[in-house]
Amino acid sequence: MKTVATNDPYAALCYSDFRFFVSNSFLFSATIRIQEVIVGYELYKTTHDPLALGLVGLAEAIPFIITSLFGGYVADQKNKITIMHVSLVVILLGSGILYTAFQPGVYNRLAEWQHLAVIYAVFGLIGFAKGFYSPAASSLKPFLVPRAIYHNSSTWSSSFSQAGAIIGPAAAGFLYAYMGLTHTLLIVIVNFLVCWVLLGMIKTRPEFPKLVTPIMESLKEGFKFVFKTRIVLYAMTLDLFSVLFGGVIALLPIFAEDILKVGPEGLGLLRAAPSIGSMLTMFAMAYFPPTHNAWRNMLVAVAGFGIFTLVFAASTNFMLSCGALFATGVFDSVSVIIRQTILQIYPPDEMRGRVAAVNGIFVSSSNELGAFESGVMAKAFGTVPSVMMGGVLTLVVVSWVYLRSKDLFSVRLS
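The rules behind each value
Residues numbered from 1 in each chain as written. Predicted model: local features only at pLDDT ≥ 70, side-chain atom pairs only at ≥ 80, totals over all residues. Heavy atoms only, no water. Helix = DSSP H or I, 4+ residues; strand = E, 2+ residues; numbered from the N terminus. Buried < 20%, exposed > 50% of the residue type's maximum accessible area, 1.4 Å probe, protein only. Domains from an automatic or database assignment. Contact = heavy atoms within 4.5 Å. Buried area = accessible area lost by both parts, 1.4 Å probe. Salt bridge = Lys/Arg side-chain N within 4 Å of Asp/Glu carboxyl O. Polar contact = N/O pair within 3.5 Å; in protein donor to acceptor, adjacent residues only side chain to side chain. Nonpolar A, V, L, I, M, F, W, Y, C, P; charged D, E, K, R; others polar. Axes fitted to C-alpha atoms, helices over the stretch in contact; angles between N-to-C directions. Parallel < 35°, antiparallel > 145°, perpendicular 65-115°, else oblique. Left-handed = near helix turned anticlockwise from the far one by under 90°.

Draft legend 1. Molecular detail of unusual backbone geometry. In this structure, Lys 261 takes a positive phi of about 55° despite not being glycine. Turning to its location among the elements, Lys 261 is positioned in the loop between helix 10 (252-259) and helix 11 (263-287). You can call Lys 261 exposed: its relative accessible area is 63%.

Draft legend 2. Region of the structure containing the domain arrangement of the chain. Domain parsing of the chain yields domain 1 (11-201) and domain 2 (215-404). Placing the centre of domain 1 and that of domain 2 at their C-alpha centroids yields a distance of 18 Å. The interface is formed by 53 residues belonging to domain 1 together with 53 residues belonging to domain 2. In total, about 4600 Å² of surface goes out of reach between domain 1 and domain 2, with carbon and sulfur atoms giving 71% of it. A per-residue breakdown of the area domain 1 buries against domain 2 is headed by Tyr 41, Leu 69 and Ile 166, which together make up 14% of the total. Remark: the boundary between domain 1 and domain 2 carries zero salt bridges. Where domain 1 meets domain 2, there are one residue pair in polar contact (both at pLDDT 80 or more). Where the side of domain 1 that touches domain 2 is concerned, the elements lending two or more residues are helix 1 (16-47), helix 2 (50-75), helix 5 (112-140) and helix 6 (150-179). In terms of residue count, the dominant contributor to the side of domain 1 that touches domain 2 is helix 6 (21 residues). A class-by-class count of the residues in the side of domain 1 that touches domain 2 yields 29 nonpolar, 16 polar and eight charged.

Draft legend 3. View of the packing of helix 6 against helix 13 (residues 318-345). The contact between helix 6 and helix 13 brings their axes to 9 Å, and the two run at 130°. Judged on the interaxial angle alone, helix 13 and helix 6 are oblique. For the crossing formed where helix 6 meets helix 13, the hand is right-handed. Contact with helix 6, carried on its side by Tyr 150, His 151, Ser 153, Ser 154, Thr 155, Ser 157 and Ser 158, involves Val 336, Ile 337, Gln 340, Thr 341, Gln 344 and Ile 345 of helix 13 and no other residues of that element. Here the residues of the contact of helix 6 with helix 13 are counted per class, giving four nonpolar, nine polar and no charged.

Shown next, in the form of structure tokens:
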């Protein structure tokens, strides 16, 4: 690898393979969210049932959790680009099924329960594919830049992913309103094909000797590493519970339609608001990295996320709601950068896939499980009370972790 000044805020972007990687991350992030937003909005318009939205998350989370550990094991042995390519083909298949299922000729022939079954099955297929895709992508990233600029690459990879998370939901609302559901799903399919091409342009192909330990013992090694490395364990725990209890994304169609009454365009802006806050903060973090007082910043960030979740729950004003979601994105971005830097620095190279898989179970699947939890709680207690309870529980978890991890305040990641 060429030498780049480690204090250059654009250091990671000097490496072409990393640029292709983050370009793919941007487009993949945007496209996944476009699909989630338009299908979620269509579901709620059809059923007016918050549990229907929650079940989408559960349908994706279950196969992800089941396959993620094995996906991490495979990522530590096989070509990571190949794994990501195959996973994208499966995701493309799912998007093609959704496109077909929403064609008027097919849609009108299916009963509502049959249509819901198809949607849940497709998100289950996507969850299965992401169980392989996510560990491969996470374990590939550290090999694309030198170790000295891991914190910088974490900032930029998160920034590109969050940029996709901004453009995706915002574009989804307008695409849905002006192009319709099926034409938007066609755009989704084309975008995934471009992702496939971008991955093929990455030349780095890290390979490791095949693992000689039995598969179950090998998978346990990932868990053992996480549970004996306290900073990794607590970082994952904070993100797990903040997303599981504090997430409101799955319920935004209800806020847009019934509480704030802003329609699909407003839904797109609500979905984009946290990502705008996140991306702007991440650009700032390229110049002012949060990794010097890493653990203090992590705790403050997750606490801030919980506080502004409470503000969002209490708001009946569209602009205040957008502002609160923007603030959750600001705080979330700080915790993401710190956690990703921890996950790049601490695991040994030969175990990155399995540790990434454990992280996926802790954090990535919590987005989908959080969607299910949000749907169940909203149905049982009402939408606003369920979000408020989530914000309170997030603050409780931060307090508990703070009391158990005061010795980590001396940790420096940069």
